[in-house]
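Geometric and topological summary
These are the residues of each chain, in order.
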Amino acid sequence: MYFRYRGETKGAEQYCYGIIDQDNKKRRKFHEVQERIREFVKNDGKVVFSFRTAIKDYYNNLTLGQYNPSFYTDLIGGFVEEIESLQEGQNVTIKDINEF
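Residues numbered from 1 in each chain as written. Predicted model: local features only at pLDDT ≥ 70, side-chain atom pairs only at ≥ 80, totals over all residues. Heavy atoms only, no water.

As annotated in an unreviewed UniProt entry, the protein carries the name Beta-galactosidase trimerisation domain-containing protein and is attributed to Clostridium neonatale.

Here's what the structure looks like:
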């Protein structure tokens, strides 16, 4: 488990370094974490992605023209075709795999 993906530029949390530093450049830490995750999955490890995992790209922009999770579809062996935010009071019951 990693505390931050990207390091903060302000406040006390700027000392809690992220996988990507404040200058937003992918360096050793990023590549090591990426490789560790891929090796973990190869060895039957389970990675839990949330609804916000890998939605944005390197420049912190939404990724257009790609399925989510961006850059990890090969890792999870699938993709999210459609995303919709639930509003207050809305619920979705998940019945079974591939059945909503």
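Remarks on helix 1 (residues 28-42)
So the rule is basically this: Secondary structure elements are taken from DSSP: a helix is a run of H or I of four residues or more, a strand is a run of E of two residues or more, and numbering for both begins at the N terminus. What a helix is expected to span follows from its residue count: subtract one and scale by 1.5 Å.
The terminal C-alpha atoms of helix 1, which comprises 15 residues, lie 21 Å apart, in line with the 21 Å expected from a rise of 1.5 Å per residue. After helix 1 finishes, the residue Asp44 shows a positive phi value of roughly 65 degrees.

Concerning the pattern of salt bridges
For the record, the criterion: Here a salt bridge means any side-chain nitrogen of Lys or Arg lying within 4 Å of a carboxyl oxygen belonging to Asp or Glu. Type-normalised accessible area, obtained with a 1.4 Å probe on protein chains alone, sets the label of each residue: buried when under 20%, exposed when over 50%, and partly exposed for intermediate values.
Inspection of every chain in the model, using the stated rule, returns two salt bridges. Linking Glu32 and Arg28 is a salt bridge whose minimum nitrogen-to-oxygen distance equals 3.3 Å. Placement of the pair is Glu32 and Arg28 together in helix 1, with a separation of four residues, close to one helical turn. Given a relative accessible area of 54%, Arg28 falls into the exposed group.

As for unusual backbone geometry
Its identity is not glycine, yet Asp44 carries a phi of approximately 65 degrees, on the positive side. Relative to the elements of secondary structure, Asp44 occurs in the loop between helix 1 and helix 2 (73-76). In this structure Asp44 comes out as exposed when scored by relative accessible area, which is 64%.

What to know about the environment of Val41
The condition that has to hold: The contact definition used throughout considers only heavy atoms, calling two residues in contact when any of these lie within 4.5 Å.
Looking at where Val41 falls in the secondary structure, it is placed in helix 1. When the C-alpha positions of Val41 and Ile76 are compared, they lie 8.7 Å apart, and in sequence the two are 35 residues distant. Apart from the residues lying within four places of it in its own chain, the contact partners of Val41 are Val47 and Leu75.

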